Amino acid sequence: MTGRKQLKLLLADDDQPIANIYKVGLPHYFASETASPLENLQNELYGKTEDQGTSVSVTVCSQGDAAVDKFEEALQSGDPFDVIVLDVRMPPGISGVEAAEKIRVADQQVPIIFVSGYSDVTIPNLEERVPPASKMCYVEKPIQLSELADLIVEMAST
Amino acid sequence: MNLHKNISLTLVGVVAVFAVGSYFALSKTLIPAFDSLEMASAERDMNRVLSGLSSYSRQLSYASTDWSQWDETYAFVEGQNPSFESENLELDSLVALGLNVMAIYDLSGMPTWDMFAETDSEITEPVAESIIDGTTLQKLQHFDSPTDAILGLVRSGRGSMMVMARPITHSDKSGPVVGTLIMGRLLDESRVADLREITKVALDITEPSAADRARRREGGHDFLGLPEQTVSDDSRVTRKILYDVHDDAIAVLTVESPRHITGLRRDTVTTLIVLFAALGAFIVVGLSHALNRIVVRPVSALRQKMVEIEQEGDLSERVNLQRTDEIGDLSEAFDSMLQELEDARTQHIDQSFKAGMAEVAAGTLHNVRNALMPILNHVVMARDTAAGSKDNNARRAIDELISGDVAPDRREKLLQFLQLARAESDEECRSVLGNLGLANDQLDHVIAILKDQDKYTHADPVLERVNVAELIQGAAAVIPASDDLSIDLQVAGSVSDCIVHAHRVGLLQVFNNVFLNAYESIARTKAATGSIAVLARIDDDIEDRKVHITIHDSGAGIDPDALKHVFDRGYTSKDENTGGLGLHWSANAIASMGGKMSAFSAGKGLGAEIHVILKTA
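Draft legend 1. Looking closely at the overall build of chain A. Looking only at helices and strands, chain A features six helices and five strands. Going residue by residue from the N terminus, the α and β elements of chain A occur as β-α-α-β-α-β-α-β-α-β-α. Out of the 158 residues in chain A, the part that is buried amounts to 46%. Considering only intrachain contacts with a sequence separation of at least 6, the fraction spanning at least 24 residues in chain A is 74%. As displayed, chain A has an accessible area near 7,300 Å², and 49% of this comes from carbon and sulfur atoms.

This is the structure in structure tokens:
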């Protein structure tokens, strides 16, 4: 586990199947925290490959308010999230943009990725409401988790 | 109450007020004026009679002056002229002077000579007590000076008589007075007839009534009392009481003036009232007709059009009164307002339709994309799992075991590794199946979304009156302006008259598609110029009137085999695959409006025609 970085992700989407694949699928595109017996034995038989990848811990919410609460809790505990992934439309609660605005009040630098099937908010408007532009991006669904994982890593490094 | 009835009643009221006002005006001005004229006429009649009586008194005065201031008479009274009687005092003298009485008295009051004769009679007699009583004679012989004279009426035994008494003096009026000369003229029927003839006035002199006799004299002069008038239907009677020398009423002079002026007044007023009535009726009818034509009819037409528009909701209707007055301005303003309303409604419908489409599209996009994301990732995860790297190491372990050249402890670890790999492989298989199952569930979700959207496709489009010319003009804007290709758009036929029953936005989209296809087809010929010709005409079908719109382009044309499939879903003649939904959707849209769409081309390189047939509105 030496040299492995861990990203702490907060994801919010009101669509339950999407929330599930965030929770179940997304970690597959990051390095594992622990090796299984099979991996240990394989490493022993065929040589150990040092995993320099980034591991991840995933927290998933179904509403914007819950995401804001989770973010503030983590911030107060001294272990803040590294990247936030938000759906734009999350009825019946606040939208992802409104949640992001609240998060920006507490943290002006945490990267925020908007993932939406359809947004009536334009990117310039997002950049205005959730600055800075370099710490925010918008992607349309459907997106492959591998691409999302790459984007998360990229945004985390900015 | 409608406008026409209201105006008519108002006019009748105005004319009625005018008639009543006119009547009162006539009563206050014309009728009194006529009455004054009539009174004046009656006064004139009386004055003419009085003038006649004055002429009698003047004659008496002249004659009595001549005879009383004559030396011959003077000498006769003194008894010095005995021939005077035979030469002058005879009946002919009385007749010549128009007298009934002539008497000469000496200072003792005894008659020197006297004669009385009835008018037109040759019988004479002395002026006895029965003719003029003694008291009256005494009064007539009492003078204050030699030039004094007494004129008056006396009651004689033969009726009222006008008398003149003068003292007898020398010709130079010097005295001493030696006697009195009295001349009298009866106011009998003959004299009254003469007066009537002279004055042309209906007059009479009659005996006074007991009441007249009993009345005390009030005003007047000489023998005449004050005039009194009485009015009957036919005449206005003026009467004066005549007084004798003792101021006793002895006769009544009556002058009857026929009321010709009243008759004239009655005729005049009747004529004026008839004229006013006729004028009022003419004004009512004329104004009513004029107001009906100028105001009521246009306002009714405006109202009728408003009612029609309210009932039918057709904002394309116009009043168009073609007038230059305020009602025309109102009509024009109303038409202008209708135009704005129509434009606003059209814009509202268009925007509502677009907003609705945008809302549906946004919702569908959101739901489908959300549903696709798990599908995509479950499939990818299944794929990645199936292609996991651990399988390669298991194959290596098997190869090692088969080779037999393996240390026992390694062999043991290899076998253990294979067992664990097998177990993980089983787990991966389950994972793949699980992911595919979840992907399948999400596909069902996508299908459900599509079914949910399907219900909107069965909603009937809102059809309205659509002007084809306007849509053609609007659709022409989609033809790209390019330096490499110049398009000549020609519109022919009675396109401006073509009003169809269609869905405006849908039909506009159809024309957009057709124009874009035509442009792209022309562009594929690599020509620098091309043409798109639109022809619209109205076909009178047996059952229905239809608008036939033909859009011809000079483009690449369509192969006869391909022509059969131009309206198929997915068909495209373009090099790149754009989905081919344009003509397929257009044909469906036209069909949903109750119309038909077809295509024709003589072949490749010969251009193409799109025909759209719709019902007229």
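Draft legend 2. Fine view of the overall build of chain B. Looking only at helices and strands, one finds 15 helices and 17 strands in chain B. Scored against the burial criterion, the 617 residues of chain B give a buried share of 39%. A separation threshold of at least 6 residues defines the contact pool for chain B, and within that pool the share at least 24 residues apart is 64%. If you sum the accessible surface of chain B, you get close to 33,800 Å²; carbon and sulfur atoms cover 55% of it.

Draft legend 3. Region of interest: the packing of aromatic side chains. In this structure the tally under the stated criterion is six aromatic pairs over all chains. Members of the aromatic cluster, connected to one another through ring pairs, are B:Trp67, B:Trp70, B:Phe76 and B:Phe84. Residue placement shows B:Arg185 over the ring face of B:Tyr56; its charged tip is 4.8 Å from the ring centre. Above the plane of the ring of A:Tyr46 lies B:Arg410, whose end atom (NZ or CZ) is 5.8 Å from the centre.

Draft legend 4. The arrangement of the side chain of B:Ser156 in detail. All names here are of chain B. Note that Ser 156 resides in strand β4 (residues 150-156). Using a relative accessible area of 7% as the deciding quantity, one classes Ser 156 as buried. A distance of 3.0 Å separates the side chain of Ser 156 from the backbone nitrogen of Arg 158, its partner in a polar contact. From its side chain, Ser 156 meets the backbone oxygen of Gly 159 in a polar contact 2.4 Å long. The contact partners of Ser 156, leaving out residues within four places of it in the chain, are Ser 130, Ile 131, Met 161 and Leu 186.

Draft legend 5. Seen up close, the sheet that holds strand β5 (residues 136-140) of chain A. Residues and elements named next belong to chain A. In spatial order, the strands read β2-β1-β3-β4-β5; together these five strands make up an open sheet with parallel pairing. Bordering the open sheet on either side are β2 (54-61) and β5, each of which pairs with just one other strand. Each strand axis lies, on average, 20 degrees off the axis of its neighbour in the sheet, ignoring direction. Seen against the sheet, helix α3 (residues 64-76) touches β1 (5-12), β2 and β3 (83-87) and runs at an angle of roughly 150 degrees to β1. Contacting β3 and β4 (112-116), helix α4 (residues 96-106) runs over the sheet at an angle of about 175 degrees to β4.

Draft legend 6. Quick look at the nonpolar core. Residues and elements named next belong to chain B. Within the largest apolar cluster, 41 residues are counted, with the highest numbers of intra-cluster contacts made by Leu 53, Leu 89, Met 102, Ile 104, Met 183, Leu 242 and Leu 253. Looking at which element gives the most residues to this core, the answer is helix α1 (residues 3-68), with eight residues. In contact with Met 183, not counting residues within four places along its chain, are Leu 60, Ala 63, Ser 64, Trp 67, Leu 97, Leu 99, Val 101, Met 102, Met 162, Val 163 and Met 164. In this structure, Cys 498, Val 510, Ile 522 and Ala 587 belong to the second largest nonpolar core, which totals 39 residues.

Draft legend 7. Quick look at the interface of chain A and chain B. The interface of chain A with chain B comprises 27 residues on the first partner and 29 residues on the second. Summing the contributions of chain A and of chain B, the shared interface buries around 2,700 Å²; its carbon and sulfur component is 64%. Contact with chain B buries surface across chain A, with A:Leu38, A:Leu45 and A:Tyr46 losing the most and accounting together for 26% of the total. A salt bridge links B:Arg369 to A:Glu140; the nearest nitrogen and oxygen atoms lie 3.3 Å apart. Broken down by secondary-structure element, the contributors of at least two residues to the side of chain A that touches chain B are α1 (16-24) and α2 (37-46) of chain A. The element contributing the most residues to the side of chain A that touches chain B is α2(A), with eight residues.

Draft legend 8. View of the packing of α1(B) against helix α8 (residues 260-312) of chain B. All names here are of chain B. For the pair α1 and α8, interaxial distance at closest approach is 9 Å and the crossing angle is 160 degrees. Taken together, the axis directions place α1 and α8 in an arrangement best described as roughly antiparallel. Handedness of the crossing formed by α1 with α8: right-handed.

Draft legend 9. Molecular detail of the pattern of salt bridges. Taken as a whole and judged by the stated rule, the model has 29 salt bridges over all chains. A salt bridge links B:Glu118 to B:Arg158, with the nearest nitrogen and oxygen atoms 2.7 Å apart. With B:Glu118 in the loop between β2 (111-117) and β3 (124-125) and B:Arg158 in the loop between β4 and β5 (159-168), this residue pair connects regions lying 40 residues apart in the sequence. Three or more residues are tied together by salt bridges with common partners; here these are A:Asp13, A:Asp87 and A:Lys141.

Draft legend 10. Region of interest: the pairing of β4(A). All names here are of chain A. β4 sits mainly inside the fold: five of its five residues count as buried. Across the two faces of β4 the burial is the same, with Ile 112, Phe 114 and Ser 116 and Ile 113 and Val 115 all buried. Summarising the sheet, β3 and β4 pair through four bridges and their orientation is parallel. Looking at β4, one finds that Ile 84 is bridged to Ile 112. As for the winding sense of the linkage, the β-α-β connection from β3 through α4 to β4 is right-handed. Bridge analysis of β4 against β5 gives five bridges, and the strand direction is parallel. The residue of β5 that forms the bridge with Ser 116 is Glu 140. Handedness of the crossover joining β4 and β5 through helix α5 (residues 123-129) is recorded here as right-handed.

Draft legend 11. View of the side chain of B:Asn512. Residue and element names in this part refer to chain B. Mapped onto the secondary structure, Asn 512 falls in helix α13 (residues 504-524). Judged by relative accessible area, which is 13%, Asn 512 ranks as buried. When neighbours within four sequence positions are excluded, Asn 512 is seen to be in contact with Ala 475 and Val 478.

Here is what the cut-offs are and how they apply
Residues numbered from 1 in each chain as written. Chains lettered and ligands numbered in written order. Predicted model: local features only at pLDDT ≥ 70, side-chain atom pairs only at ≥ 80, totals over all residues. Heavy atoms only, no water. Helix = DSSP H or I, 4+ residues; strand = E, 2+ residues; numbered from the N terminus. Buried < 20%, exposed > 50% of the residue type's maximum accessible area, 1.4 Å probe, protein only. Contact = heavy atoms within 4.5 Å. Areas by Shrake-Rupley, 256 points an atom, 1.4 Å probe, with all protein chains shown as cover. Phe/Tyr/Trp six-rings, centres within 6.5 Å; stacked < 30°, edge-to-face > 60°. Lys NZ or Arg CZ within 6 Å of the ring centre and 35° of its normal. Polar contact = N/O pair within 3.5 Å; in protein donor to acceptor, adjacent residues only side chain to side chain. Pairing = 2+ DSSP bridges. Axes fitted to C-alpha atoms, helices over the stretch in contact; angles between N-to-C directions. Core = buried A, V, L, I, M, F, W, Y, C linked by side-chain atoms within 4.5 Å. Buried area = accessible area lost by both parts, 1.4 Å probe. Salt bridge = Lys/Arg side-chain N within 4 Å of Asp/Glu carboxyl O. Parallel < 35°, antiparallel > 145°, perpendicular 65-115°, else oblique. Left-handed = near helix turned anticlockwise from the far one by under 90°. Right-handed = clockwise from strand over helix to strand, strands pointing away.

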